[in-house]
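# Coordinates in review
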Amino acid sequence: MKIKVLPEDFIVTEITNFPTNKTGEYHVYRLEKKFWNTIDALQYIARKNSLPLSQLSYGGKKDRYALTSQHITVFKNKLDLDTGMDNLKLTFLGKSNRHFATSDIIANRFQIVIRDISQLDAKKMLNNLFNIANYGFPNYFGEQRFGSYDERCGFFGEKFLKAQYNGAIKAAVCSIFPQDSSSDKQRKQLFFEHWGDFKYCLKFAKTNLEKRIFTYLVDNPKKFINTIHLLPTTDVSTYFSAYQSYLWNKMLDKIFLKRLLSDSKKIVIKHWKLSSYTKLVDDELEYFKKLRLPSHGLTPYFSSDEVETFYDEILKEEGLHQGRFNFRHYRKVIIKSFQRDAVVFPINLKAKQPESDEIYKGKIKVILSFELTRGAFATTLIKHLL
């Protein structure tokens, strides 16, 4: 099975009723892109138009390897923003009195082409549509959320929360990402293998950030917390979100292991096997439909003592305690707790009849369309389909 073979195979459209009018300090745009993730796109737009990045606001991060449409707002700026790129398009929609935020996203609409499957897999997929429409699927964070995670280095967020600042900055500098060029991967591997010999690493530093970090560590080889202050705030926020998502997935998996009485199965997200199901009996369905879980962070809300127990068990297993989220040495990012549904139900889930795959000869492709509430991952739904 393959998805995202072409950007047009994975189309995401943000659904919102964000109000626009003829007046207001914020200019509202539709941002359409492919081969760009949202943060990189906004950074480019800000540089191209000589704007502070802080003047641009968005609601959700959209995938790089997809054809996506979303809303952004720009504070106090001219109307003719330019990108100069065919794969990065801005359309002015009007003005507003406030910036666009995550809460303005009602849902995301998806059209996804699943390729390179057999007739048997296509049949299984169509049969599973009924189960997912009626019983939903576990709302695990999908693999896109863990793009900043490298198994060699571990989670930046975990290292930081345990005050292992050496490991945290090593994870930030040495982690290899799927989108890295071959030269970037080789350089990061060299840093990983020679970590501690910062003079040697400095010789091979390429980016300004790498040069600043290693220059500082040459003179201050033990002051790792200070190098973390050199990292872009958006990157640090992404690193923390990845670890927060891992903890949440682990907590939901634990609850399924305890509460599922009917058929259970496993799905793999990144490196982790997580508990799932095909169907739920009546009591289970009612329980999971109502269940909301807090992410690990500041001031979590617990809907029941049972949820609090699961939350605390994850902290204990990870060697953490709640006070760690109120760290003092770094104030640029705050790890807030938020509520998330345990199970999600797709809206208007449909599949076209299987047809021959024009790219993978002798194989079948299936085109799916559906809507998911804000924050739910289409890739997680697809894993349950198959």
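Our subject in this report is the structure included herewith.

Moving on, we come to the side chain of Thr83. On the secondary structure map, Thr83 appears in the loop between β4 (67-75) and β5 (88-96). From its side chain, Thr83 meets the backbone oxygen of Leu88 in a polar contact 2.5 Å long.

In this structure the tally under the stated criterion is 35 aromatic pairs. An angle of 75° between the planes, with centres 4.9 Å apart, marks the rings of Phe302 and Tyr311 as edge-to-face. Each member of the aromatic cluster is reached from another via a ring pair, and the members are Phe156, Phe160, Tyr165, Tyr239, Phe240, Phe327 and Tyr330. Positioned above the aromatic ring of Phe10, the side-chain terminus of Lys4 is 4.7 Å from the ring centre. The cationic tip of Arg152 hangs over the ring face of Phe192; the distance from NZ or CZ to the ring centre is 4.5 Å.

Our focus in this paragraph is empty space enclosed by the protein. By the definition in use, this model includes three cavities of 30 Å³ or more. Forming the walls of the largest cavity are Ser148, Tyr149, Gly154, Phe155, Phe156, Ala171, Ala172, Ser175, Phe177, Tyr239 and Ala242. Only α4 (165-174) and α9 (233-259) provide two or more residues apiece to the lining of the largest cavity. Taken together, Asn128, Asn131, Ile132, Gly136, Phe137, Lys265, Tyr277, Thr278 and His384 make up the full set of residues lining the second largest cavity. Here the element with the most residues in the lining of the second largest cavity is helix α2 (residues 119-135); it accounts for three residues. When its residues are assigned to classes, the lining of the second largest cavity shows three nonpolar, five polar and one charged.

About the cut-offs
Residues numbered from 1 in each chain as written. Predicted model: local features only at pLDDT ≥ 70, side-chain atom pairs only at ≥ 80, totals over all residues. Heavy atoms only, no water. Helix = DSSP H or I, 4+ residues; strand = E, 2+ residues; numbered from the N terminus. Polar contact = N/O pair within 3.5 Å; in protein donor to acceptor, adjacent residues only side chain to side chain. Phe/Tyr/Trp six-rings, centres within 6.5 Å; stacked < 30°, edge-to-face > 60°. Lys NZ or Arg CZ within 6 Å of the ring centre and 35° of its normal. 1 Å grid on protein atoms, 1.4 Å probe; cavity = no way out; pocket = protein on both sides within 12 Å on 5 of 7 lines; lining within 4 Å. Points joined across faces, edges and corners; volume = space filled by probe spheres on them. Nonpolar A, V, L, I, M, F, W, Y, C, P; charged D, E, K, R; others polar.

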